[in-house]
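Report on the structure
Here's the letter readout for the chains.
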Amino acid sequence: MCGMPQQPPVRSSVPRPSRPDASMSLLTNVMDHSLDDGYAEAAARRKAEDAGGMPKTVRAKLGLAAGLVLAALVVTVGAANARIAAPVVAKERQELIDRIERETTAADKLETTVDKLRDDVSARQREALKKDGGGEQADLVSILSGATAVHGPGVKLVVNDAKEAATGGEGNPRETSGFSDTGRVRDRDMQRVVNGLWESGAEAIAINGQRLTALSAIRAAGDAILVDNKPLVPPYTVLAVGDGKRLSTRFQNSADGLYLHALQENFGIRTSISVEDDVRLSAAPSVIVRTAQPSTEKGTS
């Protein structure tokens, strides 16, 4: 039995419309949904909050105003504290100034007292020398020992480092480097100068105002020259009381004077000597004058 022939499926004669970018569906989906769902939800919520609250610009202005008020408050409190502390600081400063002035005045009075006592001690020493057998030689002993101030004709001898030694170290020859020690005046040089002046007839000598006595010592401490443990700085000015012209001539012709001249010629040490009509030397501090007498007792055999 023959069946009815199956009819082919009926197709619509009207074609379905298609998108021109159907082949770019992935790119189209990305472009149509560029914002992730989570970000979109957050943006919508923020928009709703802004719609229900105050504008963002108003909030920013209020925040700025609050910050300015806080800063002004801090500055005001700081100024108030400074104003309160100012009188206390000024009072402490004035108290310190008053204390310094009082201590300075007291130190000046003590120095004046020391000078008076030193003069009194010197006068008593001279009287003791005259009374106890010094006689006419008491003044001479006092002068030679450096116990009393003296003045009279004499010489002025200036000894200074070589010019090359004064370069560098901001002009301080004691802080320079790279220059031979021969260009600097040393303690042994000043020792020879002083000994030469004594030998040439000097009655009293001072170096940079430091009076020399029979117990004085000229030593070195590093690059500094010490006279009785007091440091001196160049130039070294030596004042000597004596017969000026004769003292100058004898010193320059002596072995020590020739030694000083050799330092000048060979190493650049700068020296100058001049005859002075009136040289004034102060007394050496804390000088104790002692005298001795020959013993009359016969020694035992």
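What counts as what
- Residues numbered from 1 in each chain as written.
- Predicted model: local features only at pLDDT ≥ 70, side-chain atom pairs only at ≥ 80, totals over all residues.
- Heavy atoms only, no water.
- pLDDT = per-residue confidence, 0-100.
- Helix = DSSP H or I, 4+ residues; strand = E, 2+ residues; numbered from the N terminus.
- Contact = heavy atoms within 4.5 Å.
- Axes fitted to C-alpha atoms, helices over the stretch in contact; angles between N-to-C directions.
- Parallel < 35°, antiparallel > 145°, perpendicular 65-115°, else oblique.
- Left-handed = near helix turned anticlockwise from the far one by under 90°.
- Nonpolar A, V, L, I, M, F, W, Y, C, P; charged D, E, K, R; others polar.
- Core = buried A, V, L, I, M, F, W, Y, C linked by side-chain atoms within 4.5 Å.
- Buried < 20%, exposed > 50% of the residue type's maximum accessible area, 1.4 Å probe, protein only.
- Pairing = 2+ DSSP bridges.
- Lys, Arg positive; Asp, Glu negative; His and termini not counted.
- Salt bridge = Lys/Arg side-chain N within 4 Å of Asp/Glu carboxyl O.
- Polar contact = N/O pair within 3.5 Å; in protein donor to acceptor, adjacent residues only side chain to side chain.

Summing up the model confidence of the chain, the mean pLDDT is 76 and the portion of residues at 70 or higher is 64%. The lowest-confidence element of the chain is helix α1 (residues 25-32), averaging 58 in pLDDT; the highest-confidence one is strand β7 (residues 236-241), averaging 94. Note that residues 10-14 has pLDDT below 50 and, in this model, zero contacts with residues that lie over four places away or in other chains. Counted against residues more than four places away or in other chains, residues 167-179, with its pLDDT under 50, gives 24 contacts.

Once that is clear, we can look at the packing of helix α5 (residues 187-199) against helix α6 (residues 244-253). Running from N to C, α5 and α6 point in directions that differ by 130 degrees, and their axes come no closer than 9 Å. Classified by the angle between their axes, α5 and α6 sit oblique to one another. Crossing of α5 against α6: the hand is right-handed. In contact with Val193, Gly196, Leu197 and Glu199 of α5, α6 contributes Leu247, Arg250 and Phe251. Among the residues making up the contact of α5 with α6, the classes are represented as four nonpolar, one polar and two charged.

Once that is clear, we can look at the nonpolar core. Counting residues in each nonpolar core, the largest one holds 24 residues, and the members touching the most others are Met190, Leu197, Ile205 and Ile207. Residue assignment for this core shows that the elements contributing at least two residues are β1 (150-160), α5, β2 (204-207), β5 (224-227), β7, α6 and α7 (255-267). When residues in this core are grouped by element, the largest group, four residues, is from α5. For Ile207, the contacting residues outside a window of four places in its chain are Met190, Val194, Leu212, Ile218, Val227, Leu232, Tyr236, Thr237 and Val238.

Another aspect to go through is the sheet that holds strand β3 (residues 210-211). Spatially, the five strands line up as an open sheet ordered β3-β2-β7-β1-β8, and their pairing is antiparallel. The sheet is open, and its two edges are formed by β3 and β8 (270-281), each paired on a single side. When β1 meets β8, the two strands line up antiparallel, connected through 10 bridges. The residue bridging Gly152 from the neighbouring strand is Val279, located in β8. Contacting β1, β2 and β7, α5 runs over the sheet at an angle of about 160 degrees to β2.

Here the focus is the side chain of Asp189. Considering the arrangement of structural elements, one finds Asp189 in helix α5. Here Asp189 is buried and forms no salt bridge, its nearest opposite-charge partner Arg188 lying at an N-O distance of 4.5 Å. A polar contact is formed between the side chain of Asp189 and the side chain of Tyr259, at a distance of 2.5 Å. With near-sequence residues (within four places) excluded, Asp189 lies in contact with Arg184, Tyr259 and Leu263.

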